[in-house]
Amino acid sequence: MLYSSKQKSKIKVRVFKQLAAAVSAALALGATTSLKPTLVLAASDIPPASQISTQLAAKPQILLKQLPQTTIAVQTAQMDLFGSIVPIAIGGVIIICIPLFFGGLVVIGDREVGIVSKKFSFGGKSLPPGDLIALNGEAGYQADTLPPGWHWGYWPLQYNVRKESLTVVPQGEIALIIAAGGQSIPPQRILGKVTESDNFQDARKFLKSGGEKGRQLGILTGGSYRINTALFTIITATNAPKHGMTAELLKLYKIAPDKVGIVTTYDGVPIQDGEIAGPIIPNHDNFQNSQKFITGGGRRGLQEQVLLSGSWNLNPWFVGVEQAAMTEIPIGYVGAVISYVGQTSEDVSGAAFTHGNLVNVGNKGVWITPLYPGKHPLNTRILKVELVPTTNIVLNWSTKTERHSYDSQLSSLTVRSRDGFAFDLEVAQIIHVGALDAPKVISRVGSMQNLVDHVLQPTIGNYFRNSAQAYSVLDFLSARSDRQAEAAEYIKAALRTYDVQAIDTLIGDILPPAELMQTQTDRKIAEEQCKTYEVQQLAQTQRQQLVRETALAEIQQEMVKSEQGVKISELKANSQVKQAQGEAESIRVKGNAQASAYHAGVVALGGSGYTALQLMQIIGDRNVRVVPDVAVSGNGSGGGLVDGLLGMMMWNQTSKNGENGGELPVVKLQKSEPAVLEPATKLPVAKVNSAKPPEFRANSSVAKSEGDIDSLFDELPFDDRSFS
């Protein structure tokens, strides 16, 4: 490759510096040869310095006298300047030109490399057509470079040696290579293959081992290299913009944590028909050894293999990387994997599963084993992961939408009853998909949304539409729990065939026609009003009963007292009856005894005599006053009442003195008086009953006399105070 004008100017400066150094050396050599020396005292004739110093200290005057005799005359050298320049110049030119032109000396520094260009060949050899680098001494750029040191035989007339600095690739970066020579790249590839060339430092090996011209698969990593820049162009981060690239492309490719690198290769054989990604090729060090990838049959395009987190030396001409997040399976979910690549293998789902196919992990199809919660480095360009909830899922046929949004397109069901009314029905369905059943569900319907849209919605909707036609609206409303139980049983059996568990079916709001509901509402209001009236009537009755009970409670005490009083009165009456009976019995006994006594007295004294005797005895026993304390008698003039009052006053006055014991007088009025002043208490008259039988008393004279006595006693009122 031709070097630039800047590089030429550097070479000219170096040549001029070399010529200037040669001329300076020639002048110095000529100056030393043109000097003319005079007589010079031999070194042996000069006394030692110690001796001179000793003599000078001991006898300075004597020594001074001897100096003129021993002083050496020195003649200063004189040079003819004009005569000496010409020989110096000629000598310098000879000294410089002989090594340069006849020896061909080239000196290469430690941090340099010599790029050799041959101007002509004595044998007349020329490069073959299409070749740029000479391998057999042809004229042109030579494959071999000059390492540091002195090199002879590179005469300027035949060779041009350009000194280049070492190629330095910083750590953390890479360098790309473009070869100017070599074989042509085959049409099926776009990058030159990697050959044994000591990292492109041995151009001869590169060309002889079949290196190809153009952009190379191989790259240079961090380090220093002696590259033949006539054959190879090195692209680093520093000069990347000159080649239409960015510096970032020439740095280590880094994949962040929790990311995966989805790889697309730009070279290799084409992908097979029916495939979307190249298969995994072993032993290419994660696409860092591109030649092994090509040799191993790697295919260009999307790759199944992914790159994990880290730093990678990747050739941007060979591979492109797209970073994607790892596939995360949340808690409460499993991932059913659908693979678009891999071998086509037989179905492993079993004979009972007839609505889809399941394959082993790594093959094309739905994998029989799901992904469990966690992060998985999957190539999402060739694999699709369908999340399947393993917790209970609630689906609402209403305006309400759950967080999972599977029911976002569901609405309330419009059904028609037997009596022709159309009404809306809200339903909630709870389902569950087991972890091991998730691949079967996805293989059958494709996704959870398809399960809702293509299975649950028609199944549940058609069931309620059919069942509603068997009932009237009011029957459906009144027997809601029965309809719910029937729906749950039917839907559970229907979803089981899809490997889905129906946990429960719930009927929400039932929205019948407004006019029907208005009629029912009015009827219900009337019924409720009737019930209200009945309740109010019952309340009034209860209130009356409460008032009655309250009044009864208030008079209960008196009733109890009355009842107790009645009982006490009954007891007293019974007691009095008993007492009276006892007294009667006693009187009867006494009477019988007295009768017997009376009878004996009558027999002994006679009826009249015995009666008089008894009267006197009674009067005496009872202290009956026969004579009153105050006697008032009338004279027929009508002053009896006044006389009586005066008598009473007198009696009262005397009673205060205790003469009569405070007893009231008994005033006997004349027959002309209408009444007595104070009626005396009627005292009981003892009746003496005979103990004899009635027949005896009736037929005997004694009985007659006894009857007379009894009547006499009845006519005589007497007490313990008076007798009249």
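Just so we're clear, the structure is a prediction, and the values are computed from it rather than from any experiment.

Turning to the overall build of the protein chain, a few remarks are in order. Along the protein chain, the regular secondary structure elements total 15 helices and 25 strands. Taking all 724 residues of the protein chain together, 33% fall into the buried category. Of the roughly 43300 Å² that the protein chain leaves accessible, carbon and sulfur atoms contribute 57%.

Where helix α7 (residues 438–445) meets helix α8 (residues 448–468), the axes come as close as 9 Å, and the angle between the chain directions of the two elements is 60 degrees. Taken together, the axes of α7 and α8 are oblique relative to one another. Seen along the crossing, α7 lies across α8 with a hand that is left-handed. Contacts between α7 and α8 pair Val441, Ile442 and Val445 from the former with Met448, Asn450, Leu451 and Val455 from the latter. Classifying every residue of the contact of α7 with α8 gives six nonpolar, one polar and no charged.

The next point concerns helix α12 (residues 607–621). Two residues of an α-helix separated by three or four positions point the same way, owing to the 3.6 residues in each turn. The end-to-end C-alpha distance of α12 is 21 Å, a good match for the 21 Å that 15 residues give at a rise of 1.5 Å each. Two residues or fewer past α12, asparagine 623 is found with a positive phi of approximately 55 degrees.

With that out of the way, let us pick up the packing of helix α11 (residues 514–605) against α12. The interhelical angle for the contact between α11 and α12, taken along N-to-C directions, is 125 degrees, at an axis separation of 7 Å. Taken as axis vectors, α11 and α12 run oblique relative to one another. Crossing of α11 over α12 shows right-handed handedness. Of α12, the residues touching α11 (which contributes Ala597, Tyr598, Gly601, Val602 and Leu605) are Gly607, Gly609, Tyr610, Leu613 and Gln614. Considering only residue class, the contact of α11 with α12 consists of six nonpolar, four polar and no charged.

Moving on to the environment of phenylalanine 200. Looking at the element boundaries, phenylalanine 200 is found in the loop between β8 (175–179) and α5 (203–208). On the basis of relative accessibility, which here comes to 5%, the residue phenylalanine 200 falls in the buried class. A sequence separation of 26 residues divides phenylalanine 200 from arginine 226, and the C-alpha atoms of the two residues are 8.5 Å apart. Among residues more than four places away in sequence, those in contact with phenylalanine 200 are Ile177, Phe206, Gln216, Gly218, Leu220, Ile227 and Phe232.

Okay, the packing of aromatic side chains next. All chains considered together, the criterion is met by eleven aromatic pairs. Here phenylalanine 293 and phenylalanine 318 contribute two aromatic rings whose centre-to-centre distance is 5.6 Å and whose plane-to-plane angle is 75 degrees, an arrangement assigned as edge-to-face. Note that phenylalanine 293 is positioned in helix α6 (residues 290–295) and phenylalanine 318 in the loop between β15 (310–312) and β16 (319–325), a separation of 25 residues in sequence. Note on phenylalanine 318: relative accessible area 0%, which makes it buried. Residues tyrosine 463 and tyrosine 490 carry aromatic rings whose centres are separated by 4.8 Å and whose planes lie at 20 degrees to one another, so their mutual orientation is stacked. Here the residue tyrosine 463 occupies a position in helix α8, and tyrosine 490 occupies one in helix α10 (residues 480–496), the gap between them amounting to 27 residues. Its relative accessible area of 13% is what places tyrosine 463 among the buried residues.

Right, let's talk about unusual backbone geometry for a bit. Although it is not a glycine, phenylalanine 200 sits at a positive phi angle of roughly 65 degrees. A positive phi angle, close to 55 degrees, is found at asparagine 286, a residue other than glycine. The exposure class of asparagine 286 is partly exposed, given its relative accessible area of 24%.

What follows deals with the sheet that holds strand β19 (residues 365–366). Consider a sheet: its strands pair through backbone hydrogen bonds, and that pairing is either parallel or antiparallel. Pairing is antiparallel in the open sheet, where three strands are placed in the order β19-β18-β21. Edge positions in the sheet fall to β19 and β21 (383–389), since each of these pairs with one other strand and no more. Bridging between strand β18 (residues 333–339) and β19 involves two bridges; their strand directions are antiparallel. Across the sheet, the residue bridging to serine 339 is glycine 365, located in β19. Packed on one face of the sheet, α7 meets β18, β19 and β21 and runs near 45 degrees to β18.

This next bit is on the sheet that holds strand β9 (residues 214–220). If you trace the three strands from one edge of the open sheet to the other, you get β9-β8-β11, paired in antiparallel fashion. Of all strands in the sheet, those with a lone pairing partner are β9 and β11 (232–235), marking the two edges. Along the sheet, successive strands turn relative to each other by an average axial angle of 30 degrees, direction set aside. For β8 and β11, the ladder comprises four bridges, and the chain directions are antiparallel. Counted as the bridge partner of alanine 179 is phenylalanine 232 from β11.

Structurally, the position occupied by glutamate 138 is in the loop between β3 (133–134) and β4 (140–146). At a separation of 2.9 Å, a polar atom in the side chain of glutamate 138 contacts the main-chain amide nitrogen of asparagine 136. Here glutamate 138 is in contact with Lys118, Lys125, Ser126 and Leu127, once residues within four sequence places are set aside.

What follows concerns the nonpolar core. Among the nonpolar cores identified, the biggest contains 41 residues, and Val388, Leu395, Trp397, Ile431, Leu451, Phe464 and Leu495 are the most heavily contacted of them. Element by element, the count of residues in this core is highest for α8, at nine residues. With sequence-adjacent residues up to four places away left out, leucine 495 is seen in contact with Ile431, Val455, Leu456, Val500 and Ala502. In this structure, Leu191, Phe287, Ile294 and Val319 belong to the second largest nonpolar core, which totals 22 residues.

Attention now goes to the pattern of salt bridges. Applying the stated criterion across every chain, the model contains 13 salt bridges. A salt bridge links aspartate 475 to arginine 418; its shortest N-O distance comes to 3.5 Å. You can see aspartate 475 sitting in helix α9 (residues 473–478) and its partner arginine 418 sitting in the loop between β23 (413–416) and β24 (422–432), a full 57 residues away along the chain. On the accessibility criterion, aspartate 475 (33% relative accessible area) is partly exposed. Residue classification places arginine 418 among the exposed residues on the basis of a relative accessible area of 54%. The salt bridge partner of aspartate 499 is arginine 444, with a shortest N-O separation of 3.0 Å. Here arginine 444 lies in helix α7 and aspartate 499 lies in the loop between α10 and β25 (501–511), a separation of 55 residues in the sequence.

What counts and how
- Residues numbered from 1 in each chain as written.
- Predicted model: local features only at pLDDT ≥ 70, side-chain atom pairs only at ≥ 80, totals over all residues.
- Heavy atoms only, no water.
- Helix = DSSP H or I, 4+ residues; strand = E, 2+ residues; numbered from the N terminus.
- Buried < 20%, exposed > 50% of the residue type's maximum accessible area, 1.4 Å probe, protein only.
- Areas by Shrake-Rupley, 256 points an atom, 1.4 Å probe, with all protein chains shown as cover.
- Axes fitted to C-alpha atoms, helices over the stretch in contact; angles between N-to-C directions.
- Parallel < 35°, antiparallel > 145°, perpendicular 65-115°, else oblique.
- Left-handed = near helix turned anticlockwise from the far one by under 90°.
- Contact = heavy atoms within 4.5 Å.
- Nonpolar A, V, L, I, M, F, W, Y, C, P; charged D, E, K, R; others polar.
- Expected span 1.5 Å × (residues − 1).
- Phe/Tyr/Trp six-rings, centres within 6.5 Å; stacked < 30°, edge-to-face > 60°.
- Pairing = 2+ DSSP bridges.
- Polar contact = N/O pair within 3.5 Å; in protein donor to acceptor, adjacent residues only side chain to side chain.
- Core = buried A, V, L, I, M, F, W, Y, C linked by side-chain atoms within 4.5 Å.
- Salt bridge = Lys/Arg side-chain N within 4 Å of Asp/Glu carboxyl O.

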